[in-house]
Amino acid sequence: MIEELSGRDSLIHRLDPRVKIVLVFLFSVLVAVSDRFLVLLSALALGFCIALLARLPVKQLVGRLVPVNLFIVFLWFFLPFTFEGEPLFSVGPLVGTHEGVLYAARISIKSNAIMAVMIALVASTSILTLGHAMYELRIPKKLVHLFFFTYRYIHVIHQEYVRLVSAMKVRGFRPGTNMHTYKSFAHLVGMLLVRSSDRAERVYNAMLCRGFRGNLYSLSTFSLKSYDVISLVFMLAMMLALGVLEWTKMV
Amino acid sequence: MHISEGVLSPSVLIAGAALTTAGVAVGLKGLDHEEIPSMGILSAAFFVASLVHVPIGPSSVHLILNGLLGLILGWKAFPAILIGLALQALLFQFGGITTLGVNTLNMALPAVICYYVFGWGLRAGTRQVVFTATAFACGACAVLISGVLVGFSLYLTGEAFLPAAKLLVAAHLPVMLIEGVLTAACALFLRRVKPKLLEGQYVPRPSSS
């Protein structure tokens, strides 16, 4: 079900995860608030460059971008026609406007640029490392611990789920649009919750036996190297340039 | 329904992030360190449940179950859903960093509302009919409110989104029925098998301390 992309090696992989999180966050915010096409297109190019630098195979990158674009395609069916402005083209009684098309295009570029850097981040860092980095970045400890436990047990509970589904299949269960199907699925979910809560109790007791007192310790430590600082400064400069470009439009 | 990155206006994103931060803060305040392992495991169970696809006519929908989540976790639905969505963004790239706040709010706020509105009907000792009806209403309303909130987020971004927003809410209606039925059946199952789960085992009781 869940495949992690990380595990190769590249310039991006060697970057400090904290730096990566901060940069991806700033980049996303910058792109989300920008409006100028020049800025957005440069950001898109920058995003794809970073994704390629992370040695992500193009096929995987595109494959991961497809689900992101489903919502965007949905919006393309509406926005060109619902925006008021100069008519550009018409489909039957509907008139597509110039402004509407531009708006939809802007959203498409923004979305893909942000997702490209996001994919580069995930592709170059394991989820557990991201958790530790979030802790270092002062995200509340409880939240980070919750993140760890949820991530850890998604795999376990998914296996449980697969087991329950095979048990249903063995007994000849065929899903369809009927009450029996819905009831069966409801009981499946219920069983999943019951087993998870039982497991939670066992896990917690086992942790108590091993001296758990609400702390998790990380074996890896992060340190900023000169390479990290150079990358950070370089990326910040790029983003500052994009920000200035966006700002000059307004004045 | 997740709203993709880059769609919403900055003011909607900021408002969503601020409200979610507040909700998560309330949720975390009521969360003891000792409860974190069990909370994490339950959140993981809901994460897996949301991957279940249920057939409806020729197509299928995936479960949301935020009504049930609200009933079981109360305000802790906020951190649970935040983590769930963050993991979905990291693992499958559904949504991203800037929309995390709005998307969490759209899913978690209905859960908390349902906890307050319908929680009473699901305690021990309620009659079977009342119990079933409340659980159905809880599941259905949670999805309805979520749909309306998603539509509202789009509408606040620009009036041009109105038709798309209306269609999104309409698309939530059949899902609403299914979620209602499933929540009711699931709650009945839990009542027979493990009633403790529905009785606020994971919800802090302010009077107890």
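The structure we're discussing is the one just above.
What you see is a predicted model; the values in this text were computed from it and never measured.

Caption draft 1: Spotlight on the interface of chain B and chain A. If you look at the interface, chain B gives 75 residues, while chain A gives 71 residues. For the pair chain B and chain A, the two sides together bury roughly 6200 Å², of which 81% comes from carbon and sulfur. Its largest share of buried area at the contact with chain A, chain B owes to Ile41(B), Leu90(B) and Gln93(B), together 11% of the area lost on that side. Between Lys194(B) and Asp198(A) there is a salt bridge, with the nearest N and O atoms lying 2.8 Å from each other. Within the residue set of the side of chain B that touches chain A, elements represented by two or more residues are helix 1 (10–29), helix 2 (36–49), strand 1 (53–56), helix 3 (66–73), helix 4 (77–92), helix 6 (128–157) and helix 7 (162–193) of chain B. No other element matches helix 2 of chain B, which puts 14 residues into the side of chain B that touches chain A. The residue makeup of the side of chain B that touches chain A, split by class, is 55 nonpolar, 15 polar and five charged.

Caption draft 2: Fine view of the packing of aromatic side chains. Counted by the stated rule, this structure contains 11 aromatic pairs over all chains. Ring centres 5.9 Å apart and planes at 70° place the aromatic pair Tyr103(A) and Phe161(B) in the edge-to-face group. Of this pair, Tyr103(A) sits in helix 5 (residues 98–124) while Phe161(B) sits in the loop between helix 6 and helix 7, on two different chains. Of the two residues, Tyr103(A) and Phe161(B), neither departs from the other in class, the shared state being buried. Ring geometry for Trp75(B) versus Phe78(B): centroids 5.9 Å apart, planes at 20°, classification stacked. The class of Trp75(B) is partly exposed, set by a relative accessible area of 30%. Judged by its relative accessible area of 1%, Phe78(B) falls in the buried class. Three or more aromatic residues link up through ring pairs in this structure, and these residues are Phe71(A), Phe74(A) and Phe78(A). Positioned above the aromatic ring of Tyr153(A), the side-chain terminus of Arg152(A) is 5.0 Å from the ring centre. The ring of Phe131(B) has Arg191(B) sitting right over it, with the charged end atom 4.3 Å from the ring centre.

Caption draft 3: A look at a nonpolar patch on the surface. Residues Val22(A), Phe25(A), Leu26(A), Val29(A), Val33(A), Leu137(A), Ile139(A) and Leu236(A) make up a contiguous nonpolar surface patch of about 550 Å² in total accessible area. Looking at the element boundaries, Leu236(A) is found in helix 9 (residues 226–250).

Caption draft 4: Up close: the packing of helix 1 (residues 17–33) of chain A against helix 6 (residues 127–136) of chain A. Residues and elements named next belong to chain A. Two numbers describe how helix 1 lies on helix 6: the axes approach to 9 Å, and their chain directions differ by 80°. It follows from the interaxial angle that helix 1 and helix 6 lie roughly perpendicular. Side by side, helix 1 and helix 6 meet where Pro17, Arg18 and Ile21 of the first sit next to Thr129, Leu130, Ala133, Met134 and Glu136 of the second.

Caption draft 5: Looking closely at the pattern of salt bridges. All names here are of chain A. In the structure shown here, the tally under the stated rule is eight salt bridges over all chains. Glu136 is the partner of Arg18 in a salt bridge, and the nearest nitrogen-oxygen pair spans 3.9 Å. Separated by 118 residues along the polypeptide, Arg18 in helix 1 and Glu136 in helix 6 bring together distant segments of the chain. Residue class for Glu136 comes out partly exposed when judged on its relative accessible area of 39%. One salt bridge connects Arg199 with Glu160, and the closest N-O pair in it is separated by 3.0 Å. Of this pair, Arg199 sits in helix 8 (residues 179–209) while Glu160 is found in helix 7 (residues 141–170), placing the two residues 39 residues apart along the sequence. A residue is classified by how much of its surface remains accessible, and Glu160, at 9% relative accessible area, is buried. Several salt bridges share partner residues, and in doing so they unite Glu160, Arg163, Arg195 and Arg199 into one network.

Caption draft 6: Summary view of the state of the cysteines. Residue and element names in this part refer to chain B. Enumeration according to the criterion identifies zero disulfides over all chains in this entry. Lacking any disulfide linkage, Cys114 is separated from the closest cysteine sulfur, that of Cys138, by 4.2 Å. What makes Cys114 buried here is its relative accessible area of 0%.

Rules of the game
Residues numbered from 1 in each chain as written. Chains lettered and ligands numbered in written order. Predicted model: local features only at pLDDT ≥ 70, side-chain atom pairs only at ≥ 80, totals over all residues. Heavy atoms only, no water. Contact = heavy atoms within 4.5 Å. Buried area = accessible area lost by both parts, 1.4 Å probe. Salt bridge = Lys/Arg side-chain N within 4 Å of Asp/Glu carboxyl O. Helix = DSSP H or I, 4+ residues; strand = E, 2+ residues; numbered from the N terminus. Nonpolar A, V, L, I, M, F, W, Y, C, P; charged D, E, K, R; others polar. Phe/Tyr/Trp six-rings, centres within 6.5 Å; stacked < 30°, edge-to-face > 60°. Buried < 20%, exposed > 50% of the residue type's maximum accessible area, 1.4 Å probe, protein only. Lys NZ or Arg CZ within 6 Å of the ring centre and 35° of its normal. Patch = residues over 30% accessible without salt bridge, like charges linked within 9 Å, V, L, I, M, F, W, Y side chains within 5 Å. Areas by Shrake-Rupley, 256 points an atom, 1.4 Å probe, with all protein chains shown as cover. Axes fitted to C-alpha atoms, helices over the stretch in contact; angles between N-to-C directions. Parallel < 35°, antiparallel > 145°, perpendicular 65-115°, else oblique. Disulfide = S-S within 2.5 Å.

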